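Next come the chains, spelled out residue by residue.
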Amino acid sequence: MNQHLHPQPIPFIDVGAQRQRLGKKIDEAVSRVLAHCQFINGPEVTELEAALASFSGAKHVVSCASGTDALLMVLMAKGVGPGDAVICPSFTFCATGETVALTGATPVFVDVDAETFNMDAASLVCGIATAKRLGLAPKAVIPVDLFGQSADHDAIGAIAQEAGLFVLDDAAQSFGASYKGRRLGTVGLATATSFFPAKPLGCFGDGGAILTDDAELAERLRSIRVHGQGSDKYDNVRLGLTARLDTLQAAILIEKLKIFEDEIAARNRVAERYSRGLGNVVKVQRLAPGCTSVWAQYTIRLPEGTDRDAFAAALKAQGIPTAIYYPKSMHQQTAYQHFPVADGGLPVSESLSADVISLPMHAYLDEDTEDLIIAAVHGAVST
Ligand SMILES: Cc1ncc(COP(=O)(O)O)c(C=O)c1O
């Protein structure tokens, strides 16, 4: 049995390999900031925002302290609050619905598609009806581009427009992906993303950004980012936050963005190989037509009756780490159980939470390791 063991533990996400590739460039970028000492709003922050705008095609980029702040700042800028409903998928990271609840508005959870794991347009329609039935004013929808793949933005956008909702895209996991040839950041009113280290484009701490084509919104976001300041620094004109991106993180991201296209291509090669090797034994996340992914996670669904803990233990015994995103959908979690769900319930979210598991995924996985993981999955499913 020992002969099957990988010589070194396989990382789930290999931040170290990228660090090695970029080594000197990152050191120099950090040294430049340490030399000029403009740790807040240094020149790298503006430079990064311009680079992100040119990469994505968005007209305005407002960097900020995290993906969570990015979502919250847009909701604050749009005046979302008590009595309003914001429609969110339940199968997502908690920040999607959490930021809605923090404004005093009500998150209304809707279901996702069983194959793409992204918001189900039919359930969005039900969610809007549920919100109205409860006497809430539907104000916005937050589609999530889950695990790196863009959501069905045309379908969601059309429903939102018809119902008078604005679209805040939660692209925390998917910066760099595209929808029908357009990079995320250019669909909906605004897009929020995260630079948490494990994200496809991650910094060395917390970070995030908002992308929008709306100049007035961008202006308001820049004010909210610094306590709601107005043109006179000491006359604050609205409530805000301390939500700036550190100059050091911006300097690191500028270097990482230079190799990001190459890393996206590598992630897609890994995903294609996984999908070819695994598609006949487990269900793999399907790429919808017109959608690309940056594969923040490579997530599979285990066949009915598979013991997920035993499956994870079998892979772990071979040095292969796994993770479960998400063992509970938001509407199943203690803090969110009291919020409404779309009429008809969320059966897909609940079954995904019961049978998904994610495999190691990063741009530096080599083919031997991929083969080992594929073989381990085959072995663990058939036992
Ligand atoms: C879908 C989604 N939304 C929002 C966030 C929040 O981002 P951050 O951790 O940078 O606050 C995350 C982070 O994991 C996420 O996955």
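Attention in this report is confined to the structure presented alongside it. (Residues numbered from 1 in each chain as written. Predicted model: local features only at pLDDT ≥ 70, side-chain atom pairs only at ≥ 80, totals over all residues. Heavy atoms only, no water.)

1. Considerations on the environment of Leu239
What counts here: Helix and strand assignments come from DSSP, with helices taken as H or I runs of at least 4 residues and strands as E runs of at least 2, each series counted from the N terminus. Only protein chains enter the calculation, and the probe is 1.4 Å; a residue is then buried if its accessible area is under 20% of its type maximum, exposed if over 50%, and partly exposed in between. Only heavy atoms matter for contacts: two residues are in contact if any of them lie within 4.5 Å across the pair.
Among the secondary structure elements, Leu239 is positioned in the loop between helix H7 (215-224) and helix H8 (247-258). With a relative accessible area of 73%, Leu239 lands in the exposed category. Residues Leu239 and Ser223, spaced 16 residues apart in sequence, show a C-alpha to C-alpha distance of 9.0 Å. Every residue in contact with Leu239, bar those within four places of it in the chain, is listed here: Met76, Ile224 and Gly228.

2. Re the packing of helix H10 (residues 308-316) against helix H12 (residues 367-382)
Put simply, the rule reads: Fitted lines through C-alpha atoms give the axes, limited to the stretch in contact for helices. The angle between two N-to-C directions lies from 0 to 180 degrees. Any angle that is under 35 degrees is reported as roughly parallel, and any over 145 degrees as roughly antiparallel; angles of 65 to 115 degrees are reported as roughly perpendicular and all others as oblique. What makes a crossing left-handed is the near helix being turned counterclockwise from the far one by less than a right angle; a clockwise turn instead makes it right-handed. Under the scheme applied here, ten amino acids are nonpolar (Ala, Val, Leu, Ile, Met, Phe, Trp, Tyr, Cys and Pro), four are charged (Asp, Glu, Lys and Arg), and all others, including Gly, are polar.
It is at 9 Å that the axes of H10 and H12 come closest, and there the two elements cross at 140°. Of the possible angle classes, the one that applies to H10 and H12 is oblique. In terms of crossing hand, the pair formed by H10 and H12 is right-handed. Together, Phe311, Ala314 and Leu315 of H10 and Ala376, Val377, Ala380 and Val381 of H12 make up the contact between the two elements. Along the lines of polarity and charge, the residues of the contact of H10 with H12 split into seven nonpolar, no polar and no charged.

3. Quick look at the packing of aromatic side chains
Applicable threshold: Between 30 and 60 degrees the pair is tilted, below 30 it is stacked and above 60 it is edge-to-face, where a pair is any two Phe, Tyr or Trp rings, Trp via its six-membered ring, whose centres lie within 6.5 Å.
Summed over the entire model, instances satisfying the criterion amount to 14 aromatic pairs. Arranged with centres 6.5 Å apart and planes meeting at 50°, the rings of Phe12 and Tyr325 form a pair that is tilted. Within this pair, whereas Phe12 is found in the segment before helix H1 (15-36), its partner Tyr325 is found in the loop between H10 and helix H11 (347-355), the two being separated by 313 residues in sequence. Taken together, the ring pairs in this structure connect Phe12, Phe91, Phe117, Phe147, Tyr325 and Tyr326 into an aromatic cluster.

4. Quick word on the sheet that holds strand E9 (residues 208-212)
Two strands in a sheet stick together by hydrogen bonds in their backbones, pointing the same way (parallel) or opposite ways (antiparallel). Using the following cut-off: Pairs of strands are assigned from DSSP output, requiring at least two bridges between the strands.
Judged by pairing direction, the sheet is mixed, and its seven strands sit side by side in the order E1-E9-E8-E5-E4-E2-E3 without closing on themselves. The open sheet has two free edges, formed respectively by strand E1 (60-64) and strand E3 (106-110), since each of these has just one partner strand. On average, each strand axis in the sheet is tilted by 30° relative to the strand beside it, whichever way the strands run. Summarising the sheet, strand E2 (residues 84-89) and strand E4 (residues 137-141) pair through four bridges and their orientation is parallel. Across the sheet, Ala85 pairs through a bridge with Pro138, a residue of E4.

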